[in-house]
Amino acid sequence: MPAAEPAVAKPSVPGGPFSQTAKYVPQEFEAQWFAKWQADDLYKTTPADERPKAYILDFYPYPSGDGLSVGHCRNYVPTDVLSRYYRMNGYNVLHPMGWDAFGLPAENAAIKMKTNPAKLIAQYAANYKRQFGLIGISYDWSREINSSTPEYYRWTQWVFLKLYNAWYDPRLNRAVPIANLESELARQGTRDIPGSDPLSAEQWQALDGKARKEFLANYRLAYRKPAWLNWCPSCKTVIANEEVRDGECWRCGTLVEKRTMSQWFFRITAYADRLVADLQTIDWPEHIKLMQKNWVGRSEGAEVDFATAAGDLRIFTTRPDTLWGATFMVLAPEHPFVAKLTTAERKSEVEAYVKDAMRKTEADRTAVEKDKTGVFIGAYATNPVNGAPVPIWAADYVMMGYGTGAIMAVPAHDERDFAFALKFGLPILPVIARTDGLAKSFALGGTMHFGFADALRAEAIPFEEKQGSLYVTIPPTKLERYIELAQEYVRQGAWNEIVGARWLFIFGRGDLETFGGAENEKRILMRCHALEPNVRGKRTVMEMLHAVEFYHDALFHAEHGAMINSNEFSGTPGDAAVSQVVAWLAQTGKGKARVNYKLRDWGISRQRYWGTPIPVIHTAQGEVPVAEQDLPVKLPDVESYEPTATGESPLATIEKFVNVTLPDGTPGRRETDTMGTFACSSWYYMRFADPHNARQPFDPKEVAYWLPVDTYVGGAEHAVMHLLYSRFWTKALYDLGYISFIEPFTRLRNQGMILAPDGKEKMSKSKGNVVTPDEVVAQYGADALRAYEMFISDFEQATPWNTNGLGGTYRWIRKAWDLLNSPAPSAPTTVDEPADRELIRKMHKTIKKVSDDIASFRFNTVISALMEFTNALNDAAGKVSIAGFEQARDALLIMLAPVVPFMAEEIWARKGRPYSIHQQKWLTYDAQLAADDVMVVPVMINGKLRDRVELPVGASEAQVKDAALQADNVVRHLAGKPPLKVIYVPGKMVSIVAK
RNA sequence: GCCGAGGUGGCGGAAUGGCAGACGCGAAGGUCUCAAAAACCUUUGUCCAUUUAGGACGUGUGGGUUCAACUCCCUCCCUCGGCACCA
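Since the structure is predicted, the reported quantities are computational estimates derived from the model, not experimental observations.

Calculation rules
- Residues numbered from 1 in each chain as written.
- Chains lettered and ligands numbered in written order.
- Predicted model: local features only at pLDDT ≥ 70, side-chain atom pairs only at ≥ 80, totals over all residues.
- Heavy atoms only, no water.
- Helix = DSSP H or I, 4+ residues; strand = E, 2+ residues; numbered from the N terminus.
- Buried < 20%, exposed > 50% of the residue type's maximum accessible area, 1.4 Å probe, protein only.
- Areas by Shrake-Rupley, 256 points an atom, 1.4 Å probe, with all protein chains shown as cover.
- Lys, Arg positive; Asp, Glu negative; His and termini not counted.
- Charge placed at Lys NZ, Arg CZ, Asp CG, Glu CD.
- Core = buried A, V, L, I, M, F, W, Y, C linked by side-chain atoms within 4.5 Å.
- Domains from an automatic or database assignment.
- Salt bridge = Lys/Arg side-chain N within 4 Å of Asp/Glu carboxyl O.
- Contact = heavy atoms within 4.5 Å.

**Things to note about the overall build of chain A**
Right, so step 1: Summing up its helical and strand segments, chain A has 34 helices and 40 strands in all.
Right, so step 2: Looking at chain A residue by residue over its 995 residues, the buried ones come to 53%.
Right, so step 3: Carbon and sulfur atoms provide 52% of the accessible area of chain A, an area that totals close to 43400 Å².
Right, so step 4: In chain A, 113 positive and 118 negative side-chain charges are present, and the distance between their average locations comes to 1 Å.

**Concerning the nonpolar core**
Right, so step 1: With 181 residues, the main nonpolar core has F132, F160 and W801 as its most contacted residues.
Right, so step 2: In terms of domain composition, this core takes at least three residues from each of domain 1 (48-159 + 678-767) and domain 4 (773-930).
Right, so step 3: Formed by 77 residues, the second largest nonpolar core is a distinct cluster that contains I377, V390, L426 and V431.

**Remarks on the domain arrangement of chain A**
Right, so step 1: For chain A, the assigned domains are domain 1 (48-159 + 678-767), domain 2 (299-431 + 577-596), domain 3 (439-556), domain 4 (773-930) and domain 5 (934-994).
Right, so step 2: In this structure, domain 2 and domain 4 have C-alpha centres spaced 65 Å apart.

**A short note on the pattern of salt bridges**
Right, so step 1: Counted according to the given criterion, the structure contains 53 salt bridges.
Right, so step 2: Here R274 makes a salt bridge to D735, at a shortest N to O gap of 2.9 Å. You can see R274 sitting in helix 9 (residues 272-277) and its partner D735 sitting in helix 24 (residues 721-735), a full 461 residues away along the chain. Summarising the burial analysis for this pair, R274 and D735 share the class buried.
Right, so step 3: Here E868 and K842 are joined by a salt bridge, their closest N and O atoms 3.0 Å apart. Of this pair, E868 sits in helix 29 (residues 859-876) while K842 is found in helix 28 (residues 833-855), placing the two residues 26 residues apart along the sequence.

**Points about the side chain of T190**
Right, so step 1: With respect to the helices and strands, the residue T190 is situated in the loop between helix 6 (178-188) and helix 7 (201-206).
Right, so step 2: Under the relative-accessibility criterion, T190 is labelled buried at 5%.
Right, so step 3: If we ignore the near neighbours within four places in the chain, the residues touching T190 are L185, S196, D197, P198, L199, F215 and Y219.

**Examining unusual backbone geometry**
It is generally the case that most residues other than glycine have a negative phi and that most peptide bonds are trans.
Right, so step 1: For the bond from L631 to P632, the omega torsion is 0 degrees, close enough to zero to count as cis.
Right, so step 2: Looking at where P632 falls in the secondary structure, it is placed in the loop between strand 29 (622-625) and helix 21 (655-658).
Right, so step 3: With an omega dihedral of -5 degrees, the bond running from L707 to P708 counts as a cis peptide bond.
Right, so step 4: Assignment of secondary structure puts P708 in the loop between helix 23 (700-706) and strand 33 (709-715).
Right, so step 5: With phi around 50 degrees, Q467 is a residue other than glycine that occupies positive phi space.
Right, so step 6: Within the secondary structure, Q467 sits in the loop between strand 19 (463-466) and strand 20 (469-474).
Right, so step 7: Take Q467: its relative accessible area is 84%, and that puts it in the exposed class.
Right, so step 8: Unlike most non-glycine residues, N567 shows phi in positive territory, near 50 degrees.
Right, so step 9: Structurally, N567 is set in the loop between helix 19 (552-555) and helix 20 (574-588).

Take a look at the structure:
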């Protein structure tokens, strides 16, 4: 780490040390020191300079009325330690804080308390700020931002306009101005634009202004389209997902309905591939990257059209090789074809089902696997590969937002389809061969002639016999032989079947039916029904087979095996099946390859007051974006913050806000939706680089210096959405030339949650189990709280707040205080030189451990290393030289500075050293002084630890092995047996293998 | 349901293929004290042995890879985070 001179603070105001008490009484000096640091601007960040920079950022919080708990401090303390550590290492550090002030909690609080949300936020933020000061967090408050101020949201609106005026050109693979598209359309239509609906230049020119705008909406990065919302018919408002409990409104308990309204979206899906690819360039926890990748959910497959009475029904499938096994289709309940195709006699049932399904959340719809629901709509589609009629169902396990909202169900090879088909008695036809060769047969007692068991034994075909029935697992090599035997032994009027690697029903010699294809399925079922009354209730062959527990693992699989029962494609090997079928679909015009994403466009519209107004005006000629120079579109004051009965935001009732006249005299209505708060948080980290700029969102020079964020820290609950949206905005602004980096957060770390003291509950005011930093600071002081927050557990792991441990940390700090404040011990009569050397060795080992662990977020072991060093110093007192002791004491004090900044500063002042300890240089680690001169090598025999040998560090392999073989307990355990193998892992271990 | 994380002494946790339990809490015994508190010292995974030496077992469950597994692979169980309008 390069060491540059730290910035020099302003001339010191008088003060410090603030206490002369010998005992550790943190309450006597902590608040005074914080006031002095603030007065001196000790933590004020300077503008861009030639020093290396470190931008260390905490997720900015919504300042809740409840204030901070000790749980919240879990991330603020460690990032503060990290910031202080970087400052001491000569970095120019940006460590700011601000408020995510818009959104539902503030609005709901305002409605409840009948106060302006801005006032509430100001009050709550002031409390947070006070608490941050209490625990010594070194934010530069001159850079404080608040997302709900016009100074800030003006630029959120500015980004909206940039996205609105851009489109994603798939040929350049980046966003470009929408004007480029308009001129291309005027010149040559959509001819060269991949994936576009055909439109000629002439057709474009013939469109009027409004129609052109509607066409361009298909391309803009910010656009409007109809989408579903939760609607409470009693409150007459749109309600958030969080406000829906078991399908009911959390306020009034009314059943929530779904409504469609036109909503604004950002086209994040255009960036899907880049959002995945660029994950490689950043240092984030692997599991977070994986979650983002899965959230984007790229899958390759095909879209295929199934003909229906209402026209082609387009489905998306990742398994086009299973098309021949499609035995029904499933539409999302909200799919437009449901209404179009439902037959008159099914209508009431289908409508009831759809209404019910629309109430559920997505998680509810896909949950509870045993309880698949759905309804037949009475209509059929035609499978394009074989002309087979396929019944169409509506079921809530299919989502409108994924693929085309319609699937072909292949129950033999899709788990959800399998469960659904079993429940509703739909045929299940295998069309892909198993890759493991598992074949089974259950010979029910009385169906086979006497001697069958002996015949199987003679052929070495394994089986189990229970209550007269045979459970046979047929090895692949014996399959043909089994078929012969079964024909020979099956009784007249009975049958034997084989499932798994083969699907065969054996009714007698030469009387075999292959289970494959719809016709055979029906015929087999009829014959079985005729022969055996017990199976007459079974609606399909598979249902009949599924009644046999023994068969369960052989009936279903989702592997990529060779195709079977698929006409001319039968026999196509598994690794080629998908690509060959896709090629054939494209060639015959039945379908085509398609890449699909789980990721959906980002909906930003909120029918709420407390958010950034969307800067758009609606006119008879279509929507018009507000001109950049007319920003911000300010939130007007309103009487009531509650949404209107029409579902619009309260803004819709403010005539002065809504009605506008454009410069050319055209009357217009302002958009009254506001943006969800993820918009505000998608760029705030850029604003911190230049937070008070009134002319631009930020000075490009400052952003070029400070961004990207070097270390970004917050809860894992934001793993996907906030982080994905921020990455998207960064890439869009990069494409449009405003910034020069493609990823906003170079290093990301997530803190684990601190749970309530009594177990597994979260801390929450309603449960009354919140521990506040205020009460802990009052009792133990801020430094003890800081150290304990670090010590409590691994940074990323959730853990309960255990107050017992706090006392131990406090005792350690007090011990360190006594040690550092005590007068220099008198020189020992004889200086123990090895002890002297040992203390300095421990010091350098501690410097390394503490430095490495702070930098890599292992804060709990930072504290344990400092505890060990404190203990080592106490043990060494009076035994080592005064010079050595003082050197080690000073090292401890410097290392304590980022962790317990108040105490370190107080001791520093008492020692008369120049203010401030927080501007001192960090320590240098000396590998030679840290090196051991002896090593203890454990010796294992056959994996069990038997002895240890002590040797000088430079000992050769031969010397170590020799010593190991001569160790007392090793000799005893070998008992004269020669070692077969002796492994030496240098410096670590000797492992002996002996018979 | 889908995606992700986790499960180690009485408790928080350490150890990322190489001595399981660092560090801290708690507990037991001791020193000091008229006494208590504080502080300090000793012990502290379980079991067997105990005079010493030692030995067996042990990181949610069951299996596997390896000279060596808390660590890597597979099965199952349990807990937690997210699932697109809470942020």
